Amino acid sequence: PELVPYYYEGSNGKRVMRTEANGPRMIRSSGDRYLLPSIRSHFPLWNTITEGDSIMLITFEGIDGCGKSSQAKLTADRLNDQGIECLLVREPGGSELSEQIRSVVLNTHHEAPMSHAAELLLFAASRAQLVEEVIEPALRRNAVVICDRFTDSTIAYQGYGRGLPLAYIRTINDLATGGLVPDITLLIDVPIELAIRRRKGMGDDRMESESRLFFSHVMQGYMALAQKHPDRIHVIDG
Ligand code: TYD
C-alpha cells in the first residue's frame, strides 16, 4: 500500500512525521474500541472515569488559559509511559495543512476583521483535514488520540461566543468529523479572571484578544454542552 506522511505533535511538544498505509476509511463500531483499565490509577482526572469504560478519543476543552493543554500533555505522557500508543494533537492544527490554517485563523494581522462565517469554516477546514489525515488512521490502529480542543470548541466559541446558529455548526462539525464523537471530554473549568491572569504576558492571538463578555458566553456554551452530554463531558475543577 502507498505510504502517506502525516504530522502530529508528539508528547514532547515537537512535530513528528510518520507514515501510514493509505487504507480505506473505516467506520468505527463499538467493537473497535480499546479498553484502558490501567490509565486511571495515578492521574486525578481519571477518577472521573468508571470501570469498564472504553476510551479511544479523548478531548480536552475549556477557555484559553484554563490549563487544558498541560493536562492533555500530562495525560499523553502517562499513557505513553505505560506503553499505550497515544497521539497528542491540537486544534486548530495537528497536520501540516491544519497548522497552516491555524496560522491564518489565529493571526491578528489581517487588514479587515475576519467574518464570523469565515472563522467557523476555517476551524472546520482544519478539523476535516486533521480527522482524515491523522485521527482516523490512528484510531484504526487502536491508538489513543488525545485532542486539545475538538468540536465542542466550535459550539462554545463560534456558537455561543459569536452567536452563529447552532444548527449550522452541528452540521458543519458532522461534515468535518464524519460523525466522529469523542469517547470522553474533559472540560477544565476555571473562573475567567483566573484564566486571563494565567495568560498574562503570553501574547494574545486573535481569539484570545476577545472581551471578558465573549469568554463568559463561551463558558455558558461549555456548561450547556456539559448539561446536554453528561455521560461524555466531565467538568473538572481547574
Ligand atoms: P488553543 O490552541 O487552545 O490556544 P493556545 O495555543 O493559545 O492555547 O486554541 C486556539 C484558539 O482557537 C482558542 O482561542 C479557541 C479557538 N477555537 C475556536 O474558536 N473554535 C474552534 O473550533 C477551535 C478548535 C478553537
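Residues numbered from 1 in each chain as written. Predicted model: local features only at pLDDT ≥ 70, side-chain atom pairs only at ≥ 80, totals over all residues. Heavy atoms only, no water.

*Asks:* Mind showing me how you'd approach the overall build of the protein chain here?
*Replies:* For the protein chain, the count of helices and strands is 7 helices and 7 strands. Starting at the N terminus and ending at the C terminus, the protein chain contains elements arranged as β-β-β-α-β-α-α-β-α-α-β-α-α-β. When each of the 238 residues of the protein chain is scored for burial, the buried share is 47%. If you take every contact in the protein chain between residues at least 6 apart in sequence, the share linking residues at least 24 apart comes to 72%. (Helix = DSSP H or I, 4+ residues; strand = E, 2+ residues; numbered from the N terminus. Buried < 20%, exposed > 50% of the residue type's maximum accessible area, 1.4 Å probe, protein only. Contact = heavy atoms within 4.5 Å.)

*Asks:* I tried to follow the site of the ligand on my own but got confused; where do I start?
*Replies:* What surrounds the ligand is a group of 16 residues, the closest being Asp64, Arg149, Thr154, Gln158 and Glu208. Arg149 places a polar side-chain atom, nitrogen or oxygen, 2.8 Å from an oxygen atom of the ligand. When the free accessible area of the ligand is taken as 560 Å², the share hidden by the protein chains comes to 89%. A per-element tally of the shell around the ligand places helix 4 (residues 151-161) first, with 4 residues. Taken together, the residues of the shell around the ligand sort by class into 5 nonpolar, 3 polar and 8 charged. (Near = heavy atom within 4 Å. Polar contact = N/O pair within 3.5 Å; in protein donor to acceptor, adjacent residues only side chain to side chain. Areas by Shrake-Rupley, 256 points an atom, 1.4 Å probe, with all protein chains shown as cover. Nonpolar A, V, L, I, M, F, W, Y, C, P; charged D, E, K, R; others polar.)

*Asks:* Whenever I open this one, the pattern of salt bridges confuses me. Can you help?
*Replies:* Any two side chains of opposite charge can pair if their charged atoms end up close together. Evaluated as defined, the whole model comprises 13 salt bridges. Between Lys73 and Asp77 there is a salt bridge, with the nearest N and O atoms lying 3.1 Å from each other. Within this pair, Lys73 and its partner Asp77 are both found in helix 1 (residues 68-81), separated by 4 residues, close to a single helical turn. Taken together, the shared-partner salt bridges in this structure form one network comprising Glu119, Arg162, Arg206 and Glu210. (Salt bridge = Lys/Arg side-chain N within 4 Å of Asp/Glu carboxyl O.)

*Asks:* Any chance you could explain the pairing of strand 4 (residues 86-90) here in plain terms?
*Replies:* Taken residue by residue, a regular strand's side chains alternate between the two faces of the sheet. Most of strand 4 sits inside the fold, with 4 of its 5 residues counted as buried. Bridge count for strand 4 against strand 5 (residues 144-148) is 5 bridges, and the pairing is parallel. Counted as the bridge partner of Val89 is Cys147 from strand 5. (Pairing = 2+ DSSP bridges.)

*Asks:* Teacher, can you tell me more about the side chain of Arg127 here?
*Replies:* For Arg127, the position within the fold is in helix 3 (residues 116-140). Note on Arg127: relative accessible area 2%, which makes it buried. At a separation of 2.9 Å, a polar atom in the side chain of Arg127 contacts the side chain of Glu91.

*Asks:* I would appreciate a short explanation of the confidence of the model for the protein chain in the present structure.
*Replies:* Any residue range with low pLDDT should be treated as having predicted coordinates unsuitable for detailed reading. Counting all residues, the mean pLDDT for the protein chain is 79, and 77% of those residues have values of 70 or more. Predicted confidence for residues 1-11 stays below pLDDT 50, and this span has 50 contacts to residues more than four positions away or in other chains. Under a pLDDT of 50 for its full length, residues 14-53 has, in the predicted model, 102 contacts with residues more than four places off or in other chains. (pLDDT = per-residue confidence, 0-100.)

*Asks:* Mind showing me how you'd approach helix 3 here?
*Replies:* Since there are 3.6 residues in each turn of an α-helix, residues three or four apart along the chain are aligned in direction. Taking 1.5 Å of rise per residue, the 25 residues of helix 3 would be expected to cover 36 Å, and the 34 Å separating its terminal C-alpha atoms lies within 8% of that figure. Considering bend angle alone, the principal kink of helix 3 is centred on Val131 and spans about 45 degrees. Downstream of helix 3 by a residue or two, Asn142 has a phi angle that is positive, lying close to 70 degrees. (Expected span 1.5 Å × (residues − 1). Bend = angle between axes of the 7 residues up to and from the residue.)

*Asks:* In this structure, what is going on with the packing of aromatic side chains? I would like to understand it.
*Replies:* Aromatic ring pairs are reported here in terms of the distance separating the ring centres and the angle at which the planes meet. Scanning the entire structure with this criterion turns up 4 aromatic pairs. On the numbers, 5.4 Å between centres and 85 degrees between planes, the contact of Phe214 with Phe215 is edge-to-face. The exposure class assigned to Phe215 is buried, which follows from its relative accessible area of 2%. Each residue in the set Tyr157, Phe214, Phe215 and Tyr222 is aromatic and connected to the rest through ring pairs, giving one cluster. Lying across the ring of Phe150, Arg127 places its NZ or CZ 5.5 Å from the centre. (Phe/Tyr/Trp six-rings, centres within 6.5 Å; stacked < 30°, edge-to-face > 60°. Lys NZ or Arg CZ within 6 Å of the ring centre and 35° of its normal.)

*Asks:* So what exactly am I meant to see when it comes to the nonpolar core here?
*Replies:* The nonpolar side chains of a soluble globular protein tend to be buried, and buried together. Counting 41 residues, the largest nonpolar core has Ile63, Ile146 and Tyr157 as the members making the most contacts within it. When residues in this core are grouped by element, the largest group, 7 residues, is from helix 7 (residues 212-228). Counting 15 residues, the second largest nonpolar core, distinct from the first, contains Val131, Val134, Ile135 and Leu139. (Core = buried A, V, L, I, M, F, W, Y, C linked by side-chain atoms within 4.5 Å.)

*Asks:* Hey, could you run me through the packing of helix 4 against helix 5 (residues 166-177) in this one?
*Replies:* Interhelical geometry of helix 4 versus helix 5 gives an angle of 150 degrees and a closest axis separation of 10 Å. In terms of axis orientation, helix 4 runs roughly antiparallel to helix 5. Considering the relative orientation of helix 4 and helix 5, their crossing is right-handed. For the pair helix 4 and helix 5, the contacting residues are Thr151, Thr154, Ile155, Gln158, Gly159 and Tyr160 in the first and Leu166, Ile169, Arg170, Asn173 and Thr177 in the second. Here the contact of helix 4 with helix 5 is built from residues that sort into 4 nonpolar, 6 polar and 1 charged. (Axes fitted to C-alpha atoms, helices over the stretch in contact; angles between N-to-C directions. Parallel < 35°, antiparallel > 145°, perpendicular 65-115°, else oblique. Left-handed = near helix turned anticlockwise from the far one by under 90°.)

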